Amino acid sequence: MEDYLSLFETYDVLAAFWVNIQLSFWAAICALIIGTVLALFRISPIPSLQWFGAAYVNIFRNTPLTIILAFGFLGLFSVMQISLAADLNASLFRIAIVGLSVYHAAFVCEAIRSGVNTVPLGQAEAARAIGLSFLPAARLIILPQAFRGAIAPLGNVLIALIKNSTVAAAGSVATEASSLMKTMIEFRSDLVIPIFLTFALGFVILVIPIGLLTTWASRKLAVAR
Amino acid sequence: MSAQQVLFDAPGPRARRNILIGNIVGVLIVLGILAWIIATLGEKGQLEASMWTPFLEARTWEFFILPGLANTLKAAAIAIVTSVVFGLIFGVGRLSHLTPVRWVAGVVVEFLRAVPVLLMMIFFWLALGSSGAVPPQDAPFIAVVVALTLYNGSVIAELVRSGVQGLPTGQREAGMAIGLTAGQSLRSIEVPQALIAMLPALISQFVVILKDSALGFIITYPELLQYMRRLGVGEGNIIPSLMVAAAIFIIINFGLSTLATRLSVLLSFRTKGRKPAAEEAIAMDPAST
């Protein structure tokens, strides 16, 4: 037990989780923006934009996140020498955020589209009947209802994003939780189970309240029909 | 209801002209983005013939792509079978009429769904490797399969549960009426019907398993991504190699997703008159890691 507790003096577990939380936070914002634009493309009347939205979703939804993040490090950072910050670690961190964002944007797009499908036809017809064209109808009538209908699937995307932030290890973000867990287990292989349970519990504590919260919010905010 | 009909009328002459203009602008923007990507790649010399010719040589396929793909498919195929078994056991467990069984299954499933697959993979890899229970060179493979099974098995358990709960109550009542016990009615009446309804969602989960098998890259399992990285380092064409790896995954997964969509249309007549649990389940888990 003392051995176990002394681990926390050597290694800063909370700092590692904080890295994952930061990765998830920025990636969630970027993915929400990209995903909403993509969803708009997919429901717009313009065929080329529809096609682009569908192509984006199909490509990124079917690519393993590991490849995207490994590409960020091995391809963008090492070969193309794209650097998003002066500092090496900050640059890798930001590239990982980009990778997480482009991947999860595809799922955000699908979540919002499933939200759009919960909006009854009559709402759009009413919007058109009072003379709104596509963008005002989308902005004022459809999307506000679609977001409320999409809270539960969006919450699932957020949960997946938090868990997937560990994959940033493939993008050489060495300060995040799964990398630290690996280092700790390699250092104290006799404590492998307590170390794993500590990290697992950390994710349970992060993820389960979000699940409960989004379920509650999706019920509370559901449009009564 | 398709989203297309929701938002706009059948266009008149002026709207058609606007759509045409928008379409041309859209095409130009998309082409512009593509041209920019290609130009940037070209600037760094990524489009030179020498970068791509290795993929025309037989030895690249023989020594890198095919062995990697074989390892990826092997891990994914075994994990698919074991996670369906795991999912059935724990899904039925969550529906059991025995409170302790339901409770244990619930805690296990909720716990495994909340823990990142990568954490489980690293844990089993290092734990198996240091315990000496398996040969060290097999540890990454076993870790990949076990971690994929535990995570995806618990997602499938939830699919089974929501599938059974979506059935009309008359099915269970009919089972009781002909004298089956609760367990018998679950096994021989409810679960088989739920399985058919959840088939599309199940196939979507297979896509997740295949994608997540690439996490084996991080724990040194020699799957496709690992082989392609070796190829890229050897030939100095890491960007083309990773793109080919991604393309292979996209083709296989796109095929599986299309199959899932087709099946859900095909099966809709068998599952009419009940809640569209399969569709709901897909929407429920869009994150699909």
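Residues numbered from 1 in each chain as written. Chains lettered and ligands numbered in written order. Predicted model: local features only at pLDDT ≥ 70, side-chain atom pairs only at ≥ 80, totals over all residues.

(A) Structural view of the overall build of chain A. Scanning chain A from N- to C-terminus turns up ten helices and zero strands. Going from the N terminus to the C terminus, chain A shows its helices and strands as α-α-α-α-α-α-α-α-α-α. Principal-axis analysis of the C-alpha atoms gives chain A an extent of 70 × 45 × 30 Å. Here chain A, with 225 residues, has 50% of them falling under the buried criterion. Taking as baseline every contact in chain A between residues at least 6 positions apart, the subset at least 24 positions apart corresponds to 75%. (Helix = DSSP H or I, 4+ residues; strand = E, 2+ residues; numbered from the N terminus. Buried ≥ 20, exposed ≤ 12 C-beta atoms within 10 Å, placed from the backbone. Contact = placed C-beta atoms within 7 Å.)

(B) Seen up close, the overall build of chain B. Secondary structure summary: chain B contains twelve helices and zero strands in total. The helix and strand sequence of chain B, counted from the amino end, reads α-α-α-α-α-α-α-α-α-α-α-α. A compact globule built from 289 residues should have a C-alpha radius of gyration of about 19 Å, whereas chain B, at 24 Å, is more than 25% larger. Its C-alpha atoms give chain B principal-axis dimensions of about 75 × 70 × 30 Å. (Rg over C-alpha atoms; globule rule 2.2 N^0.38 Å.)

(C) Quick look at the packing of helix H8 (residues 169-177) of chain B against helix H9 (residues 182-212) of chain B. All names here are of chain B. Where H8 meets H9, the closest approach of the two axes is 10 Å, and the angle between their N-to-C directions is 155 degrees. Taken together, H8 and H9 sit at an angle that is classed as roughly antiparallel. Every pair of crossing elements has a handedness; the one defined by H8 and H9 is right-handed. On H9, the residues touching Gln-171, Arg-172, Gly-175 and Met-176 of H8 are Ser-185, Ile-189, Glu-190 and Gln-193. Considering only residue class, the contact of H8 with H9 consists of two nonpolar, four polar and two charged. (Axes fitted to C-alpha atoms, helices over the stretch in contact; angles between N-to-C directions. Parallel < 35°, antiparallel > 145°, perpendicular 65-115°, else oblique. Left-handed = near helix turned anticlockwise from the far one by under 90°. Nonpolar A, V, L, I, M, F, W, Y, C, P; charged D, E, K, R; others polar.)

(D) Spotlight on unusual backbone geometry. Residue and element names in this part refer to chain A. Of note, the phi angle at Gln-81 is positive, near 55 degrees, even though the residue is not glycine. Of note, Gln-81 is situated in the loop between helix H4 (65-79) and helix H5 (88-116). Note on Gln-81: 8 C-beta atoms within 10 Å, which makes it exposed. Unusually for a residue other than glycine, Ser-172 sits at a positive phi of about 60 degrees. Along the chain, Ser-172 falls in the loop between helix H8 (151-164) and helix H9 (177-187).

(E) Geometry of the confidence of the model for chain B. Residues and elements named next belong to chain B. Per-chain confidence: chain B averages 87 in pLDDT, with 90% of residues scoring 70 or above. Considering only residues more than four positions removed or in separate chains, one finds that residues 275-287, a stretch of pLDDT under 50, has 36 contacts. For this predicted complex, the interface confidence comes out at an ipTM of 0.90, alongside a pTM of 0.90. (pLDDT = per-residue confidence, 0-100.)

(F) Summary view of the interface of chain B and chain A. Taken together, the contact pairs 48 residues of chain B with 60 residues of chain A. Of all the elements in the fold, those that place two or more residues in the side of chain B that touches chain A are helix H1 (3-7), helix H2 (13-43), helix H5 (99-114), helix H6 (117-131), helix H10 (224-235), helix H11 (238-267) and helix H12 (277-284) of chain B. In terms of residue count, the dominant contributor to the side of chain B that touches chain A is H11(B) (ten residues). Grouping the amino acids of the side of chain B that touches chain A by side-chain chemistry returns 36 nonpolar, seven polar and five charged.

(G) Structural view of the confidence of the model for chain A. Of the residues in chain A, 100% have a pLDDT of 70 or more, and the chain-wide mean is 90. Across chain A, the element-wise mean pLDDT spans from 82 in helix H1 (residues 2-10) of chain A up to 94 in helix H2 (residues 13-43) of chain A.

(H) Layout of the environment of Ala201(B). Take Ala201(B): it is sitting in helix H9. Along the sequence, Ala201(B) and Ser257(B) sit 56 residues apart, while their C-alpha atoms lie 9.6 Å from each other.

(I) A look at the packing of H9(A) against helix H10 (residues 192-221) of chain A. Residues and elements named next belong to chain A. Their axes nearest at 10 Å, the elements H9 and H10 cross at an angle of 165 degrees. The angle between the axes of H9 and H10 places the two elements in the roughly antiparallel class. As for how H9 packs across H10, the hand of that crossing is right-handed. Residues Ala-177, Met-181, Met-184 and Ile-185 of H9 lie in contact with H10, whose contacting residues are Val-192, Ile-195, Phe-196, Phe-199 and Gly-202. Among the residues forming the contact of H9 with H10, the class breakdown is eight nonpolar, one polar and no charged.

(J) Examining the environment of Gly175(B) more closely. All names here are of chain B. With respect to the secondary-structure elements, Gly-175 resides in helix H8. Residue classification places Gly-175 among the partly exposed positions, given that 19 C-beta atoms sit within 10 Å. Residues Gly-175 and Ile-189, spaced 14 residues apart in sequence, show a C-alpha to C-alpha distance of 7.0 Å. Beyond its immediate stretch of four places on either side in the chain, Gly-175 contacts Leu-180, Ser-185 and Ile-189.

(K) Examining the environment of Pro153(A) more closely. Residues and elements named next belong to chain A. Mapping Pro-153 onto the fold places it in helix H8. Residue class for Pro-153 comes out buried when judged on the 25 C-beta atoms lying within 10 Å of it. Along the sequence, Pro-153 and Asn-89 sit 64 residues apart, while their C-alpha atoms lie 33 Å from each other.

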